[in-house]
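Results of the structural survey
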Amino acid sequence: MTCRDIEDSLPAYLEGLLSPEESARVRDHLASCPQCRKAIADLERMGTILSGLEEVTPPPWLKQRIMTRVRDEAQPEKGFFRRLFSPLHLKIPLSTAALLILSVLAFQVYRTQETQFHRDGDLHVALPKPALERSMGTQGPHRKDHSRAAIPPAPAVGPSVPRGTTPPSAAKSAKSPQPGLVQPTHQSALRLEQASPPRPDGEGMRDSGKHLSGEEDAAKPRKGAVALAPLPLETLESVGSRKAEEPPVFAAPRPSLSGALSPPMARKKSGDGENTSDSAVTDSGLRGKSASTAEIISLLRQFDASRIERRTSGGMEILTAELPPRQVQALLQRLTGLGITGRAVSIGTADSRAGMVPVRIEVPANR
Amino acid sequence: MEASNSLKEQPPIIEDDDLETVLLCQKGDVEAFGVLVDRHQKKMLNVAYRMIGDYEEACDVVQEAFLAAFRSVAKFRREARFSTWLYGIVVNCAKNRLIELKQRKARVRSGDFFPEASSGKEGYGYGCGCQAEPLQEDSVQERLEKKELEARVQECIGLLDDGYREILVLRDIQGLSYGEIADVFKIPPGTVRSRLFRARNSLKDLMRSRIGDFS
């Protein structure tokens, strides 16, 4: 056995765990080897040192800290209901309450905005529902009465509400910004209309204009007939000869030949004494004044117009009448065919009682 | 035959002074756990301290160990004494803490083993607040020499390999039996002995090299 083997066996030798033979062999080696004797002495001394190592004492706070943490650990297991209603769990009710408060605030803000909305749009709310909004597409809301009293100062061209306070309905309804007699934009008509301001007493055109009782029936245009384009400027004769030769250029049949005449044609025709149905016109001045105006009046009659009135203002012939709503679309198409478009034509709102739609047509007096 | 099988399945009856208190803890008595803390905190702190070599860290480890014991006290099946079971938890916590400390020190500076840096001085009242038990009979000089020696021994303990250090601490410092140590580490008593003897020889060599002639 080498010293290394003996040294490895020394701990067991000291504890008496070696067999008697191994113990005797170690004892013999120790007797003859001072190095191994030193080793076993060191082991014994080391054991003494280790067993005599000073013990450390736990600090007084150690148990408190341990038990604090232990109680914290045990707390959730004890109070289930307490956990549910403890302040730490208030975050859910608090978040719900916050959500409710926000919702109420948002609703209040919405209500306030809605009130403002209606206040701004009071004029529109007070106005009757547009009669032709759907059928016309580009028409805005119209007044029930087409008289001047219900029309803003510049009824044919100006807005019914001040500029800058565009009503929401106007914003929503594309290109139908104004209530009352809303007309398509037409610069000449605008200029002329401005030249003939409305009467401040609120009396409509019926008072100053000519009342036409156009009750006689004319050939009614087929509903939904569409004039594709205005007629070209042609003479009555050429039209007449063409009519004999060619089919009409209209997509839909017209109530009469005169209805298809262009303004120059109408003038020529009027000059020939065409205006024979003016017996119902209350204004005697209308007769023979303008062939074109007479043609329009005739056209109005064909479309079942009533209360046809006529007046002259600022070099403009202003015709007003009331039409059954079903005839308005066809009339507009016919007027378009006659070259009367844009702001020259104004469509009012259907009278809720009589169900009639006021129509206002402006043409130059020399037309 | 059946009777012998049933006896084998039964856990061995072990005398344990903590048994009654442990049963209370298992029934949810938190304050009974305080009794166990009172009873074992010093021994556990000394084991942790001898393994780590730092008083504050040892206190922290003991806290963690007791908390872990409380969390799993319901799983304690009384196959060993409660103190033995608790020793195992403390040793595991101390080993984990040593790993953390080594990693932390490796980041700060490489090459030094943690116990060398601490030198055990902190554990013996060298400014760490450690409350060592006073030795009334020794003179001041002897006490200083003893503290110096113990610090160096602690330093050498810290240099022991893992697997040797904790067995040496439990056996030669805490005085546990081979059987208890075998229960703590769940290894055969023969393995405990062989590891212990190697640990002792290693520590002896370390002390010779670091302290010199200490016999």
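Residues numbered from 1 in each chain as written. Chains lettered and ligands numbered in written order. Predicted model: local features only at pLDDT ≥ 70, side-chain atom pairs only at ≥ 80, totals over all residues.

1. Comments concerning the overall build of chain B
Defined as follows: Segments assigned H or I by DSSP are reported as helices when at least four residues long, segments assigned E as strands when at least two residues long, and all are numbered from the N terminus. Between the buried cut of 20 or more and the exposed cut of 12 or fewer other C-beta atoms within 10 Å of a residue's own C-beta lies the partly exposed class, and all C-beta atoms are placed from the backbone. For every residue pair, C-beta atoms are placed from the backbone, and the pair is scored as a contact if these atoms sit within 7 Å.
Helix and strand content of chain B: 10 helices and 1 strand. Going from the N terminus to the C terminus, chain B shows its helices and strands as α-α-α-α-α-α-β-α-α-α-α. The burial tally for chain B puts 41% of its 215 residues in the buried class. Within chain B, contacts between residues separated by at least 24 positions form 69% of all contacts whose residues are at least 6 apart in sequence.

2. What to know about the overall build of chain A
When its secondary structure is counted, chain A shows 15 helices and 6 strands. For chain A, the proportion of its 367 residues judged to be buried stands at 38%. Residue pairs in contact within chain A that sit at least 24 positions apart in sequence constitute 73% of those at least 6 positions apart.

3. A few points about the interface of chain A and chain B
Inclusion rule: Residues are grouped as follows: Ala, Val, Leu, Ile, Met, Phe, Trp, Tyr, Cys and Pro are nonpolar; Asp, Glu, Lys and Arg are charged; all remaining types, including Gly, are polar.
Taken together, the 31 residues of chain A in the interface contact 39 residues of chain B. Only α1 (3–15), α3 (34–51), β1 (56–57) and α4 (60–78) of chain A provide two or more residues apiece to the side of chain A that touches chain B. Among the elements that line the side of chain A that touches chain B, the one with the most residues is α4(A), at 10 residues. Tallied by class, residues from the side of chain A that touches chain B come to 17 nonpolar, 3 polar and 11 charged.

4. Looking at helix α4 (residues 55–71) of chain B
All names here are of chain B. In plain terms, the rule: Residue count minus one, scaled by 1.5 Å, sets the expected span of a helix.
For α4, spanning 17 residues, the distance from its first C-alpha to its last is 24 Å, which sits close to the expected 24 Å at 1.5 Å a residue. The buried fraction of α4 amounts to 12 of the 17 residues, a majority that puts the element mostly inside the structure. Turning to α4, its buried residues number three or more, namely Y55, E57, A58, C59, V61, V62, Q63, E64, A65, F66, A69 and F70.

5. What about the nonpolar core?
Definition in use: Each nonpolar core reported here comprises buried Ala, Val, Leu, Ile, Met, Phe, Trp, Tyr and Cys residues connected via C-beta atoms within 7 Å. Domain limits in this description derive from either an automatic procedure or a database domain assignment.
Counting 68 residues, the largest nonpolar core has B:A48, B:V62 and B:V90 as its most contacted members. When residues of this core are assigned to domains, at least three map to each of domain 1 (3–51) and domain 2 (62–120) of chain A. For B:V90, the residues in contact, after removing those within four places along its chain, are B:M44, B:V47, B:A48, B:V61, B:V62 and B:A65. Counting 29 residues, the second largest nonpolar core, distinct from the first, contains A:I297, A:L323, A:L331 and A:A344.

6. Let's talk about α3(A)
Counted at 1.5 Å a residue, the expected span for α3(A) with its 18 residues is 26 Å, and the 26 Å between its end C-alpha atoms agrees. When α3(A) is considered as a whole, its buried residues turn out to be A:C36, A:A39, A:I40, A:D42, A:L43, A:M46, A:I49 and A:L50.

7. Remarks on the packing of α1(A) against α3(A)
Residue and element names in this part refer to chain A. Let me state the cut-off plainly: Lines fitted to the C-alpha atoms define the axes, with helices restricted to the stretch that makes contact. Angles between their N-to-C directions range from 0 to 180 degrees. Handedness of each helix crossing follows the sense of rotation of the near helix against the far helix: counterclockwise by less than a right angle gives left-handed, clockwise gives right-handed.
Packing of α1 against α3 leaves a shortest axis separation of 10 Å and a crossing angle of 35°. Crossing of α1 against α3: the hand is right-handed. Packed against α1, whose contacting residues are C3, I6, E7, L10, P11 and L14, the element α3 presents Q35, C36, A39, I40, L43 and E44 at the interface.

8. With respect to the environment of A:A24
Residue and element names in this part refer to chain A. Inspection of the secondary structure assignment puts A24 in helix α2 (residues 20–32). A tally of 11 C-beta atoms within 10 Å means that A24 is categorised as exposed. Residues A24 and Y13, 11 residues apart in the sequence, show an inter-C-alpha distance of 9.8 Å.

9. Points about unusual backbone geometry
Of all residues except glycine, most have a negative phi; of all peptide bonds, most are trans. If you check the backbone angles, A:R307 has positive phi at about 50° while not being a glycine. Topologically, A:R307 is positioned in strand β3 (residues 306–313). Accessibility expressed as a C-beta count within 10 Å gives 20 for A:R307, which makes it buried. Despite not being glycine, B:R78 shows a phi value in the positive range, around 60°. Its location among the elements puts B:R78 in the loop between α4 and α5 (82–108).

10. Points about the pairing of strand β6 (residues 357–364) of chain A
For a regular strand, the rule is simple: side chains alternate between the two faces of the sheet. Residue and element names in this part refer to chain A. Quick note on the threshold: One bridge is not enough; two strands pair if DSSP finds at least two bridges between them.
Of all 8 residues making up β6, 7 are buried, and the element is well covered by its neighbours. Pairing of strand β5 (residues 345–347) with β6, which is carried by 3 bridges, proceeds in the antiparallel orientation. Note on β6: the bridge partner recorded for I347 is V359.

11. Digging into the packing of α3(A) against helix α10 (residues 189–210) of chain B
A pair of packed helices is captured by two measures, namely the crossing angle of their axes and the spacing between those axes. Selection rule: Reported orientations rely on four angle classes, namely roughly parallel under 35 degrees, roughly antiparallel over 145, roughly perpendicular from 65 to 115, and oblique for the rest.
Contact pair α3(A) / α10(B): the axes reach a minimum separation of 10 Å and the direction vectors enclose 95°. Relative to α10(B), the element α3(A) lies roughly perpendicular. Across the interface between the two elements, A:D42, A:L43 and A:M46 of α3(A) pack against B:R200, B:L203, B:K204, B:M207 and B:R208 of α10(B). Residue composition of the contact of α3(A) with α10(B), by class: 4 nonpolar, no polar and 4 charged.

12. Regarding the confidence of the model for chain B
Threshold: Values of pLDDT, ranging from 0 to 100, describe the predictor's confidence in every residue of the model.
Per-residue confidence for chain B gives a mean pLDDT of 82; residues scoring 70 or more make up 80%. Across the predicted assembly, pTM comes out at 0.47 and ipTM at 0.79.

13. Here we look at the environment of B:D162
Relative to the assigned elements, B:D162 resides in the loop between α7 (140–159) and α8 (165–173). When the C-alpha positions of B:D162 and B:M51 are compared, they lie 9.8 Å apart, and in sequence the two are 111 residues distant.

14. Some points on the pairing of strand β4 (residues 316–323) of chain A
All names here are of chain A. In terms of burial, β4 is a largely internal element, 8 of the 8 residues being buried. Covered by surrounding structure in β4 are M316, I318, T320 and E322 together with E317, L319, A321 and L323, the residues of both alternating faces. Here β3 folds back onto β4, and the loop between the two strands holds 2 residues, one of which, G314, carries a positive phi near 60°. Sheet topology note: the β4/β6 ladder contains 8 bridges and is antiparallel. Across the sheet, the residue bridging to E317 is V363, located in β6.

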